[in-house]
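Fold and geometry: a report
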Amino acid sequence: MFKRRTTVLLLIFNLLTSGIAAFAQAPQEKVDLDAISRIKEEGDKRSQVMDLLSYMTDVYGPRLTGSPQLREAQEWARKKLAEWGLQNAQLEAWGEFGRGWELQGFAANIVKPHFSPLIAYPKAWSPSTEGAVRGRAVYLDAKTEADLDKYKGKLKGAIVLLTPSREVEAHFAPQATRQSDEDLLKMANAGGQGGGRRRFELSEEQRAAQAVARKKWEMIYSEGAGVVLEPGRGDGGTLFAGSASIPSTGGGGGFNRGPRPWSANAPK
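Okay, so let's go over this structure. Please read all numbers here as calculations on a predicted model, not as lab measurements.

Another aspect to go through is the layout of surface pockets. The volume enclosed by the second largest pocket comes to roughly 520 Å³. Lining the second largest pocket are 18 residues; nearest its centre among them are Pro62, Leu64, Trp101, Pro122 and Ala241. Its residues placed into classes, the lining of the second largest pocket shows 11 nonpolar, 4 polar and 3 charged.

Looking at the element boundaries, Asp141 is found in the loop between strand S4 (137-139) and strand S5 (159-161). Taking the C-alpha atoms as reference points, Asp141 and Lys216, 75 residues apart in sequence, are found 9.7 Å from one another. If we skip the residues at most four places from it in the chain, Asp141 touches Asp147, Lys150 and Tyr151. A polar atom in the side chain of Asp141 sits 3.1 Å from the side chain of Lys143.

A grouping of Val49, Met50, Leu53 and Met56 is seen on the molecular surface, where their side chains present a nonpolar patch of about 390 Å² in accessible area. With respect to the element layout, Met50 can be found in helix H3 (residues 49-59). On the basis of relative accessibility, which here comes to 60%, the residue Met50 falls in the exposed class.

It is worth spelling out the pattern of salt bridges at this point. Pairs may arise between side chains of opposite charge once their charged atoms sit close together. One pass over the full model with this rule turns up 10 salt bridges. In this structure, the salt-bridge partner of Arg46 is Glu41, at a minimum N-O distance of 4.0 Å. The exposure class assigned to Arg46 is partly exposed, which follows from its relative accessible area of 43%. Residue Glu230 pairs with Lys123 through a salt bridge whose shortest N-O separation is 2.4 Å. On the criterion of sequence distance, the pair formed by Glu230 in strand S6 (residues 227-231) and Lys123 in the loop between strand S3 (121-122) and S4 is long-range, its members being 107 residues apart. Assigned by exposure class, Glu230 and Lys123 land together as buried.

Next up on the list: the nonpolar core. Soluble globular proteins tend to pack their nonpolar side chains together in the buried interior. Leu140, Tyr151, Leu155, Val160, Leu162, Ile220 and Val228 are the most contacted members of the largest nonpolar core, which totals 14 residues. With 3 residues, helix H6 (residues 204-223) is the single largest residue contributor to this core.

Below, the discussion takes up the side chain of Ser67. Positionally, Ser67 belongs in the loop between H3 and helix H4 (68-83). Residue Ser67 is classed as buried on the basis of its relative accessible area, which comes to 4%. A polar contact of 2.6 Å, which involves the side chain of Ser67, links it to the backbone oxygen of Leu64.

What follows is about the environment of Ser47. Note on placement: Ser47 falls in the loop between helix H2 (33-45) and H3. For Ser47, a relative accessible area of 42% gives the class partly exposed. There is a polar contact of 3.3 Å between the side chain of Ser47 and the backbone nitrogen of Val49.

Turning our eyes to something else, we now look at the packing of aromatic side chains. For the coordinates displayed, the defined rule picks out 5 aromatic pairs. Pairing Tyr55 with Trp76 gives two aromatic rings, centres 5.5 Å apart and planes at 10°, and the pair type is stacked. One end of the pair, Tyr55, is in helix H3; the other, Trp76, is in helix H4, and 21 residues separate them in sequence. Their ring planes at 45° and their centres at 5.8 Å tell us that Phe97 and Trp125 sit as a pair that is tilted. A residue pair is termed long-range when its members are at least 10 positions apart, and Phe97 in the loop between H4 and strand S1 (109-110) and Trp125 in the loop between S3 and S4 qualify at 28 residues. The class of Trp125 is buried, set by a relative accessible area of 9%. By way of ring pairs, the aromatic residues Tyr55, Tyr60 and Trp76 are connected into one cluster.

So, about the pairing of S6. S6 sits mainly inside the fold: 4 of its 5 residues count as buried. One ladder, built from 3 bridges, connects S5 with S6; its direction is parallel. When the sheet's bridge partners are listed, Leu161 is paired in S6 with Leu229.

Its 16 residues place the ends of H4 23 Å apart at the C-alpha level, agreeing with the 22 Å of an ideal helix rising 1.5 Å per residue. Residues Ala73, Trp76 and Lys80 constitute the buried set of H4. An end-on view of H4 places all buried positions within 60° of arc, on one side of the element. At its buried positions, H4 is contacted by H3. Trailing H4 by a residue or two, Gly85 shows a phi angle of about 100°, which is positive.

What counts and what doesn't
Residues numbered from 1 in each chain as written. Predicted model: local features only at pLDDT ≥ 70, side-chain atom pairs only at ≥ 80, totals over all residues. Heavy atoms only, no water. 1 Å grid on protein atoms, 1.4 Å probe; cavity = no way out; pocket = protein on both sides within 12 Å on 5 of 7 lines; lining within 4 Å. Points joined across faces, edges and corners; volume = space filled by probe spheres on them. Nonpolar A, V, L, I, M, F, W, Y, C, P; charged D, E, K, R; others polar. Helix = DSSP H or I, 4+ residues; strand = E, 2+ residues; numbered from the N terminus. Contact = heavy atoms within 4.5 Å. Polar contact = N/O pair within 3.5 Å; in protein donor to acceptor, adjacent residues only side chain to side chain. Patch = residues over 30% accessible without salt bridge, like charges linked within 9 Å, V, L, I, M, F, W, Y side chains within 5 Å. Areas by Shrake-Rupley, 256 points an atom, 1.4 Å probe, with all protein chains shown as cover. Salt bridge = Lys/Arg side-chain N within 4 Å of Asp/Glu carboxyl O. Buried < 20%, exposed > 50% of the residue type's maximum accessible area, 1.4 Å probe, protein only. Core = buried A, V, L, I, M, F, W, Y, C linked by side-chain atoms within 4.5 Å. Phe/Tyr/Trp six-rings, centres within 6.5 Å; stacked < 30°, edge-to-face > 60°. Pairing = 2+ DSSP bridges. Expected span 1.5 Å × (residues − 1). Arc of directions from axis to C-beta.

As structure tokens, then:
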């Protein structure tokens, strides 16, 4: 028994000593402390992060694909890279996209029963109006195709409210929170849901709602409405405007970006 234990201990000792010797003989990467110190000093004392961020957000702002703002931002980035010493900085073209779009001016106001400025933004690719548009507001409250009949002949030049107002709740809890250790552990142990692409199918109710929405837009265009207002995502004065769509005339049943009527996102 003693000999067996001695043999085991000697074996463990030999393994440990051989491992230490191998570690000692392994080549060690030389750390350039001077370079690391210079990188830290550059970041702490001469950082350009805030200046670059300000140019991208305050100077050029939102950059819609195909817009002049996007081209200006691209040229600024190219020139900035050249200033830093990068050679052959250039813009690369990609694919075919379609028409560009630019917002040159916009204002919306409620004039009756009392004047009040309206927080709204035109949707991308929505056309310009032929001067100021002033009209009556019409709420297109139609849940079925049969409900649309009562709006025939009433939408020409109107400011159409397409959907009901959205409830905007007050914020009492912080919008950003840090995950607890327990929550992170649950997320780590959740596991995957299996590979492959998920397939979503619309219910009969959803398909019927889509059909009614399409009929609404067809009536809006055929009747010659002046403006369409829809609730926008966001609150507290911050909105996220999307792109304008019109019913397709190609027989495919889809929606295309296109010319009429002018449409916008409003707070609620």
